[in-house]
Amino acid sequence: MILVLVKALSDVCAGTSGFLLDFSSRTSPGTDNGEALPESIPSAPGTLPHFIEEPDDAYIIKSNPIALRCKARPAMQIFFKCNGEWVHQNEHVSEESLDESSGLKVREVFINVTRQQVEDFHGPEDYWCQCVAWSHLGTSKSRKASVRIAYLRKNFEQDPQGREVPIEGMIVLHCRPPEGVPAAEVEWLKNEEPIDSEQDENIDTRADHNLIIRQARLSDSGNYTCMAANIVAKRRSLSATVVVYVNGGWSSWTEWSACNVRCGRGWQKRSRTCTNPAPLNGGAFCEGMSVQKITCTSLCPVDGSWEVWSEWSVCSPECEHLRIRECTAPPPRNGGKFCEGLSQESENCTDGLCILDKKPLHEIKPQSIENASDIALYSGLGAAVVAVAVLVIGVTLYRRSQSDYGVDVIDSSALTGGFQTFNFKTVRQGNSLLLNSAMQPDLTVSRTYSGPICLQDPLDKELMTESSLFNPLSDIKVKVQSSFMVSLGVSERAEYHGKNHSRTFPHGNNHSFSTMHPRNKTPYIQNLSSLPTRTELRTTGVFGHLGGRLVMPNTGVSLLIPHGAIPEENSWEIYMSINQGEPSVQSDGSEVLLSPEVTCGPPDMIVTTPFALTIPHCADVSSEHWNIHLKKRTQQGKWEEVMSVEDESTSCYCLLDPFACHVLLDSFGTYALTGEPITDCAVKQLKVAVFGCMSCNSLDYNLRVYCVDNTPCAFQEVVSDERHQGGQLLEEPKLLHFKGNTFSLQISVLDIPPFLWRIKPFTACQEVPFSRVWCSNRQPLHCAFSLERYTPTTTQLSCKICIRQLKGHEQILQVQTSILESERETITFFAQEDSTFPAQTGPKAFKIPYSIRQRICATFDTPNAKGKDWQMLAQKNSINRNLSYFATQSSPSAVILNLWEARHQHDGDLDSLACALEEIGRTHTKLSNISESQLDEADFNYSRQNGL
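Here the structure is a predicted model, which means the values were calculated and not measured.

Next up on the list: the overall build of the protein. Tallying secondary structure elements over the protein gives 13 helices and 52 strands in all. Residues classed as buried in the protein amount to 44% of the 948 residues present. At a minimum sequence separation of 6, the contacts of the protein that also span at least 24 residues come to 69%. Total accessible area computed for the protein in this model is approximately 49,700 Å², and 52% of it derives from carbon and sulfur atoms.

What follows is the structure, given as structure tokens:
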């Protein structure tokens with residue numbers, strides 16, 4: 001044991017002597033290393049050096065050296081040792097002082113470490129330095145201080161990513177700062193303002209540099225940036241956009257509306273809006289129906305009716321007996337009217353033989369009664385004589401005033417508007433020569449025929465009675481007198497003067513006739529019986545997998561076959577037609593036809609994507625006043641309702657614009673729009689126009705005023721007829737709003753130049769019943785006016801045509817024209833002609849190029865965080881109803897774009913789609929590759945190919 005301790009002490013002594021020998025060799029006097037070791041240390045015996053200040057870890061910033069300091073007491077010497085090697089004495093700076101409290105020496109030493117020294121060191125650990133202080137009793141060592149080069153790299157290891165989160169959802173933004181020495185500290189910025197998590201308990205920034213928002217609020221939307229900094233530099237991450245969106249929520253249902261019919265079976269509806277809350281920041285629209293309808297049944301009022309009279313009662317002393325009846329067959333119910341008339345009546349029961357004061361009752365006549373009877377008799381006879389005299393004088397004066405025309409029945413075309421210079425009218429009560437505006441013309445029994453018909457001699461008059469001209473006039477007697485007076489009267493039976501012919505004309509078709517030869521009546525009769533009847537307009541085209549567009553020129557009717565609707569390597573001849581004959585839609589109650597009947601086929605063709613059918617209509621669209629239905633004709637010829645445009649349906653889709661309805665369908669057939677007016681404020685839009693032409697009499701000029709449904713196809717039929725008649729459009733057509741308030745329509749000619757023109761008496765104003773105008777889709781409604789010049793030198797005509805509904809809208813057509821064809825200014829029939837190519841196939845038929853369409857569909861059909869991108873596309877294109885239909889499609893975006901194509905067929909550019917994509921693109925970066933220049937180029941190519 002003693003030997004071990006002796007050996008350990010000898011090793012310590014040897015080490016100490018070695019250290020002193022080594023140190024003395026480097027610092028001995030007389031060498032270049034400097035000063036010699038001190039001879040004595042003024043310290044208490046047995047005290048080792050104690051470090052008052054030890055060197056700290058340091059960082060070299062850029063190329064600036066750092067200083068390491070060390071202070072100890074009592075210390076004979078202090079030197080630095082770096083990386084296991086002593087630092088040269090010349091590199092030390094030493095200061096010595098005296099501690100006043102203890103009287104011990106305090107020595108302080110510091111050295112500088114440069115960037116080059118640290119970079120040149122290659123060891124397993126960082127560059128380090130340590131102080132060594134010693135006294136006579138031994139040495140003391142300080143802690144090791146590491147020296148590192150400070151830096152901060154530029155790129156973040158993980159940038160925060162944008163998020164779209166629902167309100168009250170959790171937001172977590174990850175951030176991994178760039179590598180650096182020392183490690184960077186992270187700070188978060190929102191919209192360039194620092195975030196203080198201590199002031200907002202909803203935000204936590206302590207978890208591994210991440211930003212956590214526990215419950216998202218609308219105010220949390222913004223641009224977030226992660227800021228990293230150390231002693232060298234600061235670095236900013238990429239900004240992350242956080243969008244806090246609100247999904248739409250339904251409001252409460254409104255109360256059920258009143259039943260739409262006062263009596264019988266009807267419907268009630270209630271609605272709700274997507275405003276609780278409303279979609280915000282791209283949130284999803286509400287799912288489900290916004291309108292619900294249920295059937296309702298209202299009890300109909302039953303008017304009372306009388307029972308049969310009772311038996312007469314026993315004769316009373318006053319020589320009267322009574323009988324009564326009761327209002328019980330049936331009694332009035334549910335607000336019905338009570339029976340009209342007396343419930344009791346009495347009469348004499350003795351046939352005047354009742355005895356009063358011993359005389360028969362009929363013999364008792366006071367003298368005053370006899371005198372009164374005589375006065376009444378003579379007064380009546382006098383009044384009758386005066387009335388007959390006045391009537392004779394009036395008729396004589398009237399016939400003299402009409403001698404210039406040669407006929408007693410003059411032109412008034414209020415009766416379905418014939419174009420000839422005379423007309424056939426029914427006999428009215430009173431004077432049959434007067435056209436009383438207060439009495440509405442009966443348009444159901446009068447038929448007139450177009451064409452200037454002139455009767456020039458007695459043979460012509462005979463022809464009028466022998467031809468088939470009057471065959472269609474049921475229950476009318478015709479009498480032709482030598483004075484050329486035509487008078488018509490309605491008989492109780494069908495009775496005609498003239499020959500009956502087997503062929504008659506269909507009701508509602510106007511035809512043009514060739515000039516009638518006075519000496520040859522047979523060719524004229526053949527001309528009347530052989531006129532063609534137009535039943536439909538028709539167009540066809542062959543389409544394949546690329547799809548296309550089929551257009552009926554100048555009718556507003558078109559058919560869009562989408563790309564891919566027809567399988568590859570297949571092609572179909574598709575046709576489309578418009579019924580111009582008698583409509584086959586049977587109106588139910590107050591229902592009216594609002595559009596043409598459009599047929600597309602073939603009916604057995606199957607499409608994989610819904611096609612778009614555009615049908616014009618004449619309703620002033622308002623869900624408050626109209627209930628509009630889409631109907632389809634079955635194979636049995638019956639019409640069935642497909643849907644109401646306000647209903648939710650997954651079988652088809654109706655988009656109602658002010659002048660047309662765009663329908664997405666998957667089967668071909670015959671379709672039409674019908675409307676049921678809900679209130680008296682329901683309005684049909686009528687187009688009013690005036691045409692004019694010379695009659696066969698060189699002094700006469702005919703004006704024909706048309707009121708037709710405001711659909712291009714209805715007006716095209718009028719234009720076609722007028723071209724055959726030689727008619728000229730005299731004024732730009734105007735729009736008349738005709739209300740369903742049961743008031744009639746008045747058409748009048750005003751401001752005719754006096755002394756130049758005159759109009760036949762009682763024809764300046766004509767009135768048409770409400771029902772004839774409201775259901776005018778069955779044939780064009782028009783009234784004819786015949787004007788006569790005083791002299792052949794008058795070639796200019798100026799007047800006004802007033803068309804107005806009683807208690808409704810009014811329009812004025814200003815006529816300013818020359819009756820000479822060479823001087824007449826031509827007014828175009830249609831403001832914009834449709835494409836001269838009815839069938840367009842392939843890419844040129846679509847405004848949106850296929851490549852852009854694919855990118856749009858890929859963007860919106862691909863599920864993302866919300867999964868409702870196609871709904872946003874629909875909303876930006878004003879498609880806000882029945883979105884459940886698009887949800888059933890394999891590519892909702894493609895169907896929405898097909899509907900956009902059909903809706904914007906005549907638009908000049910793609911601005912509406914470009915604006916929609918620009919708004920959506922703010923939150924969908926995938927759209928950024930669809931530039932505005934690409935859409936402009938596509939628009940230019942479409943316009944050039946289609947001549948727009």
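Once the structure has been displayed, the description carries forward.
Time to look at the sheet that holds strand S31 (residues 548-552). Across a sheet, paired strands are connected by hydrogen bonds in the backbone, their directions being either parallel or antiparallel. Sheet architecture is open: 6 strands sit in the order S39-S40-S36-S32-S31-S52, paired in antiparallel fashion. Looking along the sheet, the strands with just one partner apiece sit at the ends: strand S39 (653-656) and strand S52 (839-841). Averaged over all pairs of adjacent strands, the angle between strand axes in this sheet comes to 15 degrees, irrespective of strand direction. Strand direction decides the pairing type here: S39 and strand S40 (residues 660-665), joined by 4 bridges, are antiparallel. Bridging across to S40, Tyr653 finds its partner in Leu664. Contacts between helix H11 (residues 892-903) and the sheet are confined to S31, strand S32 (557-561), strand S36 (611-616), S39 and S40, with S40 contributing the most and set at about 150 degrees to the helix.

Under the definition given, this model contains 14 aromatic pairs. On the basis of an interplanar angle of 15 degrees and a centroid distance of 5.7 Å, the ring pair of Phe79 and Trp134 is categorised as stacked. Of the two residues, Phe79 is situated in strand S4 (residues 77-82) and Trp134 in strand S8 (residues 127-135); the sequence distance between them amounts to 55 residues. Summarising the aromatic geometry, the rings of Phe738 and Phe770 are spaced 5.7 Å apart at their centres and angled 20 degrees between planes, so their arrangement reads as stacked. Taken together, the residues Phe738 in strand S45 (residues 734-739) and Phe770 in helix H7 (residues 770-774) connect sequence positions 32 residues apart. Across this residue pair, the class does not change: Phe738 and Phe770 are buried. Grouping aromatic residues by their ring pairs yields a cluster made of Trp626, Phe738, Phe770 and Trp774.

With antiparallel pairing, 3 strands are arranged side by side in an open sheet as S13-S18-S17. Two strands close off the open sheet at either side, each with one partner strand: strand S13 (171-173) and strand S17 (203-204). Note that S13 and strand S18 (residues 211-213) share 3 bridges and pair antiparallel. Each residue of the ladder has a partner; that of Ile171, found in S18, is Ile213.

At a minimum axis distance of 8 Å, the contact between helix H8 (residues 850-861) and H11 shows a crossing angle of 135 degrees. Regarding the angle of H8 to H11, the classification is oblique. For the element pair H8 and H11, the recorded crossing hand is right-handed. Between H8 and H11, the contacting residues are Arg853, Ile856, Cys857, Phe860 and Asp861 on the first element and Pro892, Ser893, Ala894, Leu897, Asn898 and Glu901 on the second. Class assignment of the residues belonging to the contact of H8 with H11 gives a composition of 6 nonpolar, 2 polar and 3 charged.

Moving on to unusual backbone geometry. Negative phi values dominate among residues other than glycine, just as trans dominates among peptide bonds. Cis geometry is found at the peptide bond from Ala329 to Pro330, where omega equals 0 degrees. Take Pro330: it is sitting in the loop between strand S24 (320-324) and strand S25 (344-348). Residue Gly601 is joined to Pro602 through a cis peptide bond whose omega torsion reads 15 degrees. With respect to the helices, strands and loops of the structure, Pro602 is situated in the loop between strand S35 (598-601) and S36. Phi at Glu192 is positive, roughly 70 degrees, even though this residue is not glycine. Relative to the elements of secondary structure, Glu192 occurs in the loop between strand S15 (185-190) and strand S16 (193-194). Looking at Glu192, the relative accessible area reads 47%, which means it is partly exposed. Look at Lys807: it is not a glycine, yet its phi comes out positive at around 60 degrees. With respect to the helices and strands, the residue Lys807 is situated in the loop between strand S50 (796-805) and strand S51 (810-818).

Summed over all chains, the structure comprises 8 disulfides. Here Cys274 engages in a disulfide with Cys286; their sulfurs sit 2.0 Å apart. Negative torsions about the S-S bond denote left-handed disulfides, and the value of about 85 degrees found for Cys274 with Cys286 makes this one right-handed. Taken together, the positions of Cys274 in the loop between strand S22 (264-271) and strand S23 (291-298) and Cys286 in the loop between S22 and S23 put the pair 12 residues apart, joining distant regions of the chain. Each member of the pair, Cys274 as well as Cys286, is classed as buried. Through a disulfide, Cys327 is tied to Cys339; the S-S separation comes to 1.9 Å.

According to the stated counting rule, one finds 24 salt bridges in the structure shown. Linking Glu108 and Arg69 is a salt bridge whose minimum nitrogen-to-oxygen distance equals 3.5 Å. Here Glu108, found in strand S7 (residues 105-113), pairs with Arg69, found in strand S3 (residues 66-73); they are 39 residues apart in sequence, far enough to count as distant. Using a relative accessible area of 17% as the deciding quantity, one classes Glu108 as buried. Put simply, Glu157 and Arg176 hold a salt bridge, and the shortest N to O gap is 3.0 Å. Residue Glu157 is located in the loop between strand S11 (151-152) and strand S12 (163-166), and its partner Arg176 is located in the loop between S13 and strand S14 (180-181); the two are separated by 19 residues in the primary sequence.

This part covers the environment of Ala258. Here Ala258 is to be found in the loop between strand S21 (240-245) and S22. A sequence separation of 11 residues divides Ala258 from Lys269, and the C-alpha atoms of the two residues are 8.1 Å apart. Setting aside chain neighbours within four positions, we find Ala258 in contact with Trp267 and Gln268.

Okay, the packing of helix H9 (residues 869-876) against H11 next. Angle between the axes and distance between the axes: these two values describe a pair of packed helices. Close contact between H9 and H11 brings their axes to 9 Å; oriented N to C, the two are set at 10 degrees. What the angle tells us is that H9 and H11 run roughly parallel. Here Trp870, Leu873 and Ala874 of H9 lie close against H11, whose contacting residues are Pro892, Ser893, Ile896 and Leu897. Split by residue class, the contact of H9 with H11 holds 6 nonpolar, 1 polar and no charged.

The rules behind these values
- Residues numbered from 1 in each chain as written.
- Predicted model: local features only at pLDDT ≥ 70, side-chain atom pairs only at ≥ 80, totals over all residues.
- Heavy atoms only, no water.
- Helix = DSSP H or I, 4+ residues; strand = E, 2+ residues; numbered from the N terminus.
- Buried < 20%, exposed > 50% of the residue type's maximum accessible area, 1.4 Å probe, protein only.
- Contact = heavy atoms within 4.5 Å.
- Areas by Shrake-Rupley, 256 points an atom, 1.4 Å probe, with all protein chains shown as cover.
- Pairing = 2+ DSSP bridges.
- Axes fitted to C-alpha atoms, helices over the stretch in contact; angles between N-to-C directions.
- Phe/Tyr/Trp six-rings, centres within 6.5 Å; stacked < 30°, edge-to-face > 60°.
- Parallel < 35°, antiparallel > 145°, perpendicular 65-115°, else oblique.
- Left-handed = near helix turned anticlockwise from the far one by under 90°.
- Nonpolar A, V, L, I, M, F, W, Y, C, P; charged D, E, K, R; others polar.
- Disulfide = S-S within 2.5 Å.
- Salt bridge = Lys/Arg side-chain N within 4 Å of Asp/Glu carboxyl O.

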